[in-house]
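What follows is the residue order along each chain.
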Amino acid sequence: MSSKGRFKKLINSPENCVYDNLLGITAIHPGLRLISNSSTTGGRVVIRHDFEEYRQSGRVTLVSGGGSGHEPFHCGFVGPGMLTAVVPGEIFTSPSSEAILMALHAVGSGSKSGTLIIAANYTGDRLNFGSAMEKAKLDGLNVEMIVVGEDCALQSSDKSAGRRGLCGIVLMFKIAGALAEEGKSLKEICEIVKHASENSGTIGISLTPCSIPGSDSSFSLGSDEMELGLGVHGEAGVMRLKVMPAQDVVKKMVDHMTNPESASRLDVKKGDCVAVVINNLGGTSRMEMNIVAKETISYLELMGLLVERVYVGTLMTSLEMAGVSITVLKVTSFLLNCLDAPTSAYAWPNCYLPVGAKTRFTPEPIKLYSLASKVPDLEAAGPQISQKGEAIIRQALSFSCSALVSCEKQLNCLDREGGDGDCGSTLCKGARAILDLLEKGLELSYPSQLLLTLGSVVERSMGGTSGAIYSLFFTGAAKAFIDQCTANTWCYAVELGMQAIMKYSGAEPGDRTMGIV
């Protein structure tokens, strides 16, 4: 099935969705304010609420902007420690120079320092921001501009379009914002940010297209296809790939980004320190993002790079496009201090480090105590059964578990009539785990310990609701074996097991349920 067509949208109307979006942002975050000029096409500015006080402080003010549809970019990066104001255009459309000039006057008029524009390398943005800057200078404002283009997809040295500005620009916002808060001069900030931009690279991959409200999707992808190196407006990438595991996708992306034969490559070498951004293009689940992050860290470390910071989140999107972009920035301790500096911008993702730690590292999983490997405490293990009893239990467990394994498909088929069709597969996991323990010499002579072990095994192997139900049953049943082990004791164990299930599930006899009311 091809991913082509018009996607559903939760909006009021295509014509007003950008304005409604800005009103929503400022309602959620009243530290941001909307300046709107109804007579200007796209004449809207989102600015930090204390911009007049900040302007009078003599510190450099920072302005950016571009088309909407990339939320939380740009508005999400306005606030102390980052941008002073942004100028959002219509969806995937550069803001007008008139609107940009309005923003420059708002943050720069009467300023004792100056204003730095940080723009993404798209033709419309360069032209409109450049035009506004020239007009602002004629009005007596001190304005400079840096254009960020860190896209590593295009391998040609053709300068007709240049490298596109992608998610790496967010790191430039953060660095510039930290420097501005420190009181650095406009010239110093320009030099540092320009150098950092030249040492960054980004590449994206898409699993689905996006669609502008009221329009069909910008391109189509087969259900088994991905596009490498596309732009955030849906511009064509460099190649189509078949869907593959995340590990292989990450390798493909990083190899392309650092390809020594590419004119747009990011040059890295063993021992380089880097910060990494894993950016959600809009429709990717957090689980997928975390998996991509893990694989990216592993592959970069395999290359000999020191991954000092990792930022994972939704920063620069293409509406609802499913996919990710990976940004790599070569860092020094100076730049890390900038990235670590505090900010109130709501969309900046923090990297959670242990108290006192200055360097990110990949911790090993903590190994916890396992019931299945516990040596029974003979004094507290309860009554012991005979060897004949052990043989009976072994035979019963082996027979019942083997039967469950052989009936997996049949049980799944029955479950599909009223459930999600995985009952047989879930029971089979528990049965196989028990059979595996039997082969390894499961201790059978102490019924109480045996039942506790079975409860632990099925909970881990089956998981979910089924694992919890059977774990409750075995754990409850184990309480019956205090000082004796008779036929009546086994019957009482079944009763206790059922009582445990009913206590926590709320199920009662006659409910015809596995424990969920």
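Residues numbered from 1 in each chain as written. Predicted model: local features only at pLDDT ≥ 70, side-chain atom pairs only at ≥ 80, totals over all residues. Heavy atoms only, no water.

The name given to the chain in an unreviewed UniProt entry is Triokinase/FMN cyclase, with the source organism recorded as Limulus polyphemus. In its Subunit (unreviewed entry) section, the UniProt entry covering the chain states "Homodimer. Interacts with IFIH1 (via the CARD domains), the interaction is inhibited by viral infection." Its UniProt record gives the chain a comment under Function (unreviewed entry), which states: "Catalyzes both the phosphorylation of dihydroxyacetone and of glyceraldehyde, and the splitting of ribonucleoside diphosphate-X compounds among which FAD is the best substrate. Represses IFIH1-mediated cellular antiviral response." (UniProt positions renumbered as here; feature names shortened; annotations may be inferred.)

Chemist: Help me out: how do you make sense of a nonpolar patch on the surface in this one?
Modeler: Together, Val494, Met498 and Met502 make up an exposed nonpolar region whose accessible area comes to about 240 Å². Assignment of secondary structure puts methionine 502 in helix 15 (residues 487–505). For methionine 502, a relative accessible area of 31% gives the class partly exposed. (Patch = residues over 30% accessible without salt bridge, like charges linked within 9 Å, V, L, I, M, F, W, Y side chains within 5 Å. Areas by Shrake-Rupley, 256 points an atom, 1.4 Å probe, with all protein chains shown as cover. Salt bridge = Lys/Arg side-chain N within 4 Å of Asp/Glu carboxyl O. Helix = DSSP H or I, 4+ residues; strand = E, 2+ residues; numbered from the N terminus. Buried < 20%, exposed > 50% of the residue type's maximum accessible area, 1.4 Å probe, protein only.)

Chemist: I keep staring at the environment of alanine 293 and nothing clicks. Help me out?
Modeler: Checked against the element boundaries, alanine 293 lands in helix 8 (residues 286–302). Relative accessible area serves as the criterion here: at 8%, alanine 293 is assigned to the buried category. Linking alanine 293 and isoleucine 326, residues 33 residues apart in sequence, is a C-alpha distance of 8.9 Å. Here alanine 293 is in contact with Ile278 and Val312, once residues within four sequence places are set aside. (Contact = heavy atoms within 4.5 Å.)

Chemist: Can you walk me through the nonpolar core in this structure?
Modeler: General note: in soluble globular proteins, nonpolar side chains tend to be found buried as a group. Counting 62 residues, the largest nonpolar core has Phe77, Leu116, Ile169, Val170, Met172, Ile175 and Leu339 as its most contacted members. Going through the elements one at a time, helix 1 (17–28), strand 4 (85–91), strand 5 (115–120), strand 6 (143–148), helix 5 (168–182), helix 6 (186–198), strand 10 (273–280) and helix 9 (333–340) are the ones with two or more residues in this core. The element best represented in this core is helix 5, accounting for 10 residues. Setting aside its immediate chain neighbours within four residues, phenylalanine 77 contacts Pro72, Met82, Leu83, Val170, Phe173, Leu315, Ala345, Ala347 and Trp348. Counting residues in each nonpolar core, the second largest holds 29 residues, with Ile385, Cys423, Leu442 and Leu454 among its members. (Core = buried A, V, L, I, M, F, W, Y, C linked by side-chain atoms within 4.5 Å.)

Chemist: Would you explain the environment of threonine 453 in this entry?
Modeler: Among the structural elements, threonine 453 can be located in helix 13 (residues 447–462). A residue is classified by how much of its surface remains accessible, and threonine 453, at 13% relative accessible area, is buried. As for threonine 453 and isoleucine 434, which are separated by 19 residues in sequence, their C-alpha atoms are 9.6 Å apart. Engagement of the side chain of threonine 453 in a polar contact is seen with the backbone oxygen of glutamine 449, the distance being 2.9 Å. (Polar contact = N/O pair within 3.5 Å; in protein donor to acceptor, adjacent residues only side chain to side chain.)

Chemist: Teacher, can you tell me more about the packing of aromatic side chains here?
Modeler: Counted under the stated rule, the structure contains six aromatic pairs. When the ring centre of tyrosine 54 is taken as origin, the NZ or CZ atom of arginine 48, which lies over that ring, is 4.3 Å away. (Phe/Tyr/Trp six-rings, centres within 6.5 Å; stacked < 30°, edge-to-face > 60°. Lys NZ or Arg CZ within 6 Å of the ring centre and 35° of its normal.)

Chemist: How should I be thinking about helix 13 in this particular structure?
Modeler: Side chains of residues three or four places apart in an α-helix project in the same direction, reflecting 3.6 residues per turn. Compared with the 22 Å implied by 1.5 Å per residue over 16 residues, the 22 Å span of helix 13 between its first and last C-alpha is a close match. Among the 16 residues of helix 13, 12 are classified as buried, and the element is accordingly described as predominantly covered. Pro447, Ser448, Gln449, Leu450, Leu451, Thr453, Leu454, Gly455, Ser456, Val457, Val458 and Met462 are the residues of helix 13 that are buried. Contact partners of the buried residues in helix 13: helix 10 (387–406), helix 12 (423–439), helix 14 (464–478) and helix 15. Directly beyond the C-terminal end of helix 13, a positive phi value near 65° is found at glycine 463. (Expected span 1.5 Å × (residues − 1).)

Chemist: Teacher, can you tell me more about the sheet that holds strand 12 (residues 323–330) here?
Modeler: What links the strands of a sheet is backbone hydrogen bonding, and the strands pair in either a parallel or an antiparallel sense. Ordered in space as 9-8-7-12-10-11, the six strands form an open sheet in which the pairing is mixed. Only two strands of the sheet have a single partner each, and these edge strands are strand 9 (239–242) and strand 11 (306–313). Looking at each pair of strands side by side, their axes are set apart by 20° on average, direction ignored. Looking at chain direction, strand 7 (residues 200–206) and strand 8 (residues 225–228) are connected through two bridges and run antiparallel. Paired with serine 206 across the bridge in strand 8 is glutamate 227. Those strands touched by helix 7 (residues 246–257) are strand 7, strand 8, strand 9 and strand 12, and its axis lies near 140° from that of strand 7. (Pairing = 2+ DSSP bridges. Axes fitted to C-alpha atoms, helices over the stretch in contact; angles between N-to-C directions.)

Chemist: Any chance you could explain the sheet that holds strand 6 here in plain terms?
Modeler: In spatial order, the strands read 1-2-4-3-5-6; together these six strands make up an open sheet with mixed pairing. Of all strands in the sheet, those with a lone pairing partner are strand 1 (32–36) and strand 6, marking the two edges. For this sheet, the mean angle separating the axes of adjacent strands, direction not counted, is 25°. Sitting on the sheet, helix 3 (residues 97–108) is in contact with strand 1, strand 2 (44–48), strand 3 (61–68), strand 4, strand 5 and strand 6, with an inclination near 25° to strand 2. Contacts from helix 4 (residues 123–138) reach strand 3, strand 5 and strand 6 within the one sheet, and its direction differs from that of strand 6 by about 170°.

Chemist: Would you take a moment to explain unusual backbone geometry for this structure?
Modeler: Cis geometry is adopted by the peptide bond preceding proline 72, which originates at glutamate 71 and carries an omega value of 10°. Looking at where proline 72 falls in the secondary structure, it is placed in the loop between strand 3 and strand 4. The linkage connecting phenylalanine 73 with the following residue, histidine 74, adopts the cis geometry, with an omega of 10°. Tracing the backbone through its elements, the reader meets histidine 74 in the loop between strand 3 and strand 4. The backbone of phenylalanine 92 shows a phi angle near 55°, a positive value even though the residue is not glycine. Its location among the elements puts phenylalanine 92 in the loop between strand 4 and helix 3. Owing to a relative accessible area of 18%, phenylalanine 92 belongs among the buried residues under this scheme. Backbone geometry at leucine 319 places phi at a positive 55°, although glycine is not the residue there. Here leucine 319 shows up in the loop between strand 11 and strand 12.

Chemist: What is the right way to read the side chain of threonine 284 from this model?
Modeler: Looking at the secondary structure, you find threonine 284 in the loop between strand 10 and helix 8. From its side chain, threonine 284 meets the backbone oxygen of glycine 323 in a polar contact 2.7 Å long. Once residues lying within four places of it in the same chain are set aside, the contact partners of threonine 284 are Met289, Ala322, Gly323 and Val324.

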